[in-house]
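Analysis of the macromolecular model
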There are 2 protein chains.
Amino acid sequence: MVMVTAAVTNRRVILKRYVTGMLSEDDMEVVTAETPLPPADAGLAMLSEDDMEVVTAEAPLPPADAGLAAVLVKNLYISCDPYMRSRMTRHEVPSYVPDYVPGEVLTNYGVMKVISSGHPDFKAGDLVWGVTGWEEYTLIDNPESLSKINHPDLPLSYYTGVLGIAGLTAYAGFFEVCKPKKGEHVFVSTASGAVGQIVGQLAKITGCHVVGSAGSDEKVNLLKTKFGFDDAFNYKKEPDLDVALKRYFPKGIDIYFENVGGSTLDAVLPNMRLFGRIAACGMISQYNLDSPDGVHNLFYIITKRLRMEGFLVFDYFGMYRQFEEMAGYLKEGKVEYLQDIVEGLDAAPAALIRLYTSSNVGKQLVTIPRD
Amino acid sequence: MVMVTAAVTNRRVILKRYVTGMLSEDDMEVVTAETPLPPADAGLAMLSEDDMEVVTAEAPLPPADAGLAAVLVKNLYISCDPYMRSRMTRHEVPSYVPDYVPGEVLTNYGVMKVISSGHPDFKAGDLVWGVTGWEEYTLIDNPESLSKINHPDLPLSYYTGVLGIAGLTAYAGFFEVCKPKKGEHVFVSTASGAVGQIVGQLAKITGCHVVGSAGSDEKVNLLKTKFGFDDAFNYKKEPDLDVALKRYFPKGIDIYFENVGGSTLDAVLPNMRLFGRIAACGMISQYNLDSPDGVHNLFYIITKRLRMEGFLVFDYFGMYRQFEEMAGYLKEGKVEYLQDIVEGLDAAPAALIRLYTSSNVGKQLVTIPRD
């Protein structure tokens, strides 16, 4: 085996340019980069030949408390999430996450195997999840952002979703923001997506009546059979969403888990019940519009005394341990989880776009084969 | 003096027709009605000649617990409130208050003197406030909805505003919905109006930094001098409200007390600080539009983790006793209150319209002279 000493080839997905309008595959590019060696102060341990044909660093390890520790990982699964689109637009005022930079690799949550570690909490072979690059190998210079995989008996890929960001999003959004009560009526949009399918099942566990909307009959069927929603409908077949909502919620909606925005929100507002809650988690219908749609029915927020509250999962990391009851639900079969996995970085740009065309069935992610 | 035995003339303002577009005086009419005598079971006491030339009922009093008690009042002050416009539109789905009915008298909160009472809690001469008609005399058949005037040493008219609905709206909305903390930055729209002027002063009492917007330089001056706002601006002179808000809130807005809606809300959303709160109290810019404006910037609710919550004062009547600390503030001069009083029912339709043209300076109300 040849030891690479200066650089290693690294297949990666970069942003080609800031995006306007609908995201297309042309906005991204899959390139083979020469990843430079980790800097000498990254604290990477000397690799053995068993560590794959990757990289070496001959610098002595810095002391563990030097704050310079880095971790080199092989990316196993990367997550496709709707919010990535907004990071592809240049924001004059910084948003809650940094914009992607044209020419640089995309980043998002993933599941990784540690190849080499200069951080005392991690060692080669550890399975971790956290923010990484859309590439084969990533040097992570803030390893404290990584989490260990606590339930390796469940599919590793679950840590891109139901046991990771999507799961915690659903859990925190539903319980902390919606504050559901047994018997309440819950509407979930993009209900078969990564977050929606979990919200619906948590609502059922709570004793709520749950109806979901999705973009195909196949997904509607899944909602009713696999995920146990009380009912579901294909919004593409509903000429008038207001009429559809009145049909599925004759008494109105207590809780709307908002993943869509725009005209869906406009149709939901008049159908909310008094003192209803809207957890604003995402607005996927708006992400590819250069100018967002107007929402006209906000006056109902007053007349119906609604609470509409936005939230970001990043504010709820502190409840991850509590959230891990999810692993128990999965093992007991109380929560089902459906993934839509595509293989290889070359397929990653198209996989991301599937979110915005409603083509994914279940949590969209990409597996990066181990060469 | 002639005793009227069958009916009494009663000057009143009626809704002529359901209103579309901008409210005009033609939509209302001031008429002299023949108010029929109270029904025999209304329990009205025999009047003495001292009770003015009004009405008599010869029926014996029903027992106090018969539930049939009514109260005849002379209306002294009636309140003009923005929400009245929405009651002039026909709602297919009932709103939180009943629509007005063409041909019938307008109703709203007012201050009244009891002329005759069949209810054990009230007697002739009592000063009360509550919902009444836009007319000289009103027979109130649910006297339990009336409240006694507890602080007759303050101007009676204050019970149409700072000690009535507007005051309780400001108090509940600011403390219960906004949940302010000392040092936070508060923006109040229609800041010199009935509610806004109180919100601003409560915010100052709480130790917040408060900026208000209003529709004339005269009002802006009042906000800064009489009401103690830290700053204020004339929105009509601001070509770009976003720019204005960035000037007055370089660090952003923690609390927005929303009285306006539409494009103001759109400009506020990007200027909110993380975890900001929007108390949706009214949306006066929208009430005269047949189709409400679209609000485009709702995605900031997510990225900034905002809570937007609508409220109606009716849900907070239970805290009226606590709210009455307001009377103390007024007596001590800690809260100033400005009223815009017009005289006579003939002027009432125009007075109401002044709210929507931003012509009122302070709380708009109508005094009904005692003939």
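Residues numbered from 1 in each chain as written. Chains lettered and ligands numbered in written order. Predicted model: local features only at pLDDT ≥ 70, side-chain atom pairs only at ≥ 80, totals over all residues. Heavy atoms only, no water.

**Topic: the overall build of chain A**
The condition is simple: Comment: elements are numbered from the N terminus, with helices defined as DSSP H or I runs of at least four residues and strands as E runs of at least two. Contact criterion: two residues are considered in contact whenever any of their non-hydrogen atoms come within 4.5 Å of each other. Accessibility throughout is a Shrake-Rupley quantity obtained with a 1.4 Å probe, and a residue counts as covered only by protein chains that appear here.
Helix and strand counts for chain A come out as 9 helices and 15 strands. Of the contacts formed within chain A by residues at least 6 apart in sequence, a portion of 69% connects residues at least 24 apart. Accessible area of chain A: about 14900 Å², with a carbon and sulfur share of 51%.

**Examining the domain arrangement of chain A**
All names here are of chain A. Going by this rule: For the purposes of this description, domain bounds are those given by an automatic or database domain assignment. Two parts placed together each lose some accessible area under a 1.4 Å probe, and the buried area is that loss summed for both. Salt bridge, as used here: a side-chain nitrogen of Lys or Arg that lies within 4 Å of a carboxyl oxygen of Asp or Glu. Two N or O atoms count as a polar contact when they lie within 3.5 Å, although within protein this holds only if one can serve as hydrogen donor and the other as acceptor, and sequence-adjacent residues are included solely when both atoms are side-chain atoms.
Considered domain by domain, chain A is made up of domain 1 (7-162 + 338-367) and domain 2 (165-314). Contact residues are listed per partner, giving 23 residues for domain 1 and 21 residues for domain 2. Around 1800 Å² of area is buried between domain 1 and domain 2 when both sides are counted, 62% of it from carbon and sulfur atoms. Between domain 1 and domain 2 we count 0 salt bridges in total. Run the count over domain 1 and domain 2 and you get 9 residue pairs in polar contact (both at pLDDT 80 or more).

**Considering the relation of the copies chain A and chain B**
Defined as follows: We place the copies in one frame by least squares, fitting the C-alpha atoms of every residue whose pLDDT is at least 70 in both.
Of the two same-sequence chains, chain A is brought onto chain B (RMSD 0.0 Å, axial shift 0.0 Å) by a rotation of 180°. Look at the turn and shift together and you get a two-fold axis relating the two. Measuring from the rotation axis to each C-alpha of chain A, the shortest distance belongs to glycine 294 of chain A, at 1.9 Å.

**Considerations on the packing of aromatic side chains**
Residue and element names in this part refer to chain A. Note the threshold: Aromatic pairing here means that ring centres of Phe, Tyr or Trp (its six-membered ring) are within 6.5 Å. Orientation follows from the plane angle: under 30 degrees is stacked, over 60 is edge-to-face, and everything else is tilted. Throughout, exposure labels follow a simple rule: accessible area from a 1.4 Å probe, protein chains only, divided by the maximum for the residue type, with under 20% read as buried, over 50% as exposed, and the rest as partly exposed.
Within this structure, the stated rule accounts for 34 aromatic pairs over all chains. Aromatic pair phenylalanine 311 and tyrosine 316: ring centres 6.3 Å apart, planes at 75°, arrangement edge-to-face. Of the two residues examined, phenylalanine 311 and tyrosine 316, each falls in the buried class. Put simply, the rings of Tyr109, Trp129, Tyr159, Tyr171, Phe174, Phe175, Tyr320 and Phe323 touch in pairs and so form one group of aromatic residues.

**What about the interface of chain A and chain B?**
As a reminder of what qualifies: All amino acids are sorted into three groups, where Ala, Val, Leu, Ile, Met, Phe, Trp, Tyr, Cys and Pro are nonpolar, Asp, Glu, Lys and Arg are charged, and the leftover types, Gly among them, are polar. For two strands to count as paired, DSSP must find a minimum of two bridges between them.
Taken residue by residue, the interface counts 28 residues in chain A and 28 residues in chain B. By the criterion of area lost to chain B, the three top residues of chain A are Phe299, Ile302 and Arg305 of chain A, representing 23% of everything that side buries. Inspection of the region where chain A meets chain B yields 2 salt bridges. Put simply, aspartate 315 of chain A and arginine 305 of chain B hold a salt bridge, and the shortest N to O gap is 2.6 Å. Here chain A is connected to chain B by 10 residue pairs in polar contact (both at pLDDT 80 or more). Breaking the side of chain A that touches chain B down by element, the ones donating at least two residues are strand S12 (272-280), helix H6 (299-303) and strand S13 (307-310) of chain A. Across the side of chain A that touches chain B, the residue classes tally to 17 nonpolar, 6 polar and 5 charged. Pairing of S13 of chain A with strand S13 (residues 307-310) of chain B, which is carried by 3 bridges, proceeds in the antiparallel orientation. Paired with glutamate 309 of chain A across the strands is arginine 307 of chain B, a residue of S13 of chain B.

**Focus on the confidence of the model for chain A**
Residue and element names in this part refer to chain A. Stated formally: The quantity known as pLDDT measures the predictor's confidence residue by residue, on a range of 0 to 100.
Across chain A, pLDDT averages 89, with 88% of residues at or above 70. pLDDT under 50 marks residues 1-6. Its contacts with residues more than four places away, or in other chains, come to 11 contacts. The low-confidence segment residues 45-66, where pLDDT is below 50, has 41 contacts with residues more than four positions distant or belonging to other chains. Reported for the predicted complex are a pTM of 0.88 and an ipTM of 0.87.

**Some remarks on the side chain of glutamine 197 of chain A**
All names here are of chain A. Structurally, glutamine 197 is set in helix H2 (residues 196-205). Accessibility expressed as a relative area gives 0% for glutamine 197, which makes it buried. Reaching out from glutamine 197, the side chain makes a polar contact with the backbone nitrogen of leucine 338 at a distance of 2.9 Å. The residues contacting glutamine 197, other than those within four sequence positions of it, are Ala191, Ser192, Phe227, Phe229, Glu336, Tyr337, Leu338, Gly362 and Lys363.

**Topic: the side chain of serine 79 of chain A**
All names here are of chain A. The topology assignment puts serine 79 in strand S3 (residues 71-79). A distance of 2.4 Å separates the side chain of serine 79 from the side chain of lysine 363, its partner in a polar contact. Setting aside residues up to four positions removed in sequence, serine 79 forms contacts with Met84, Asn108, Tyr109, Trp134, Thr160, Lys363, Gln364 and Leu365.

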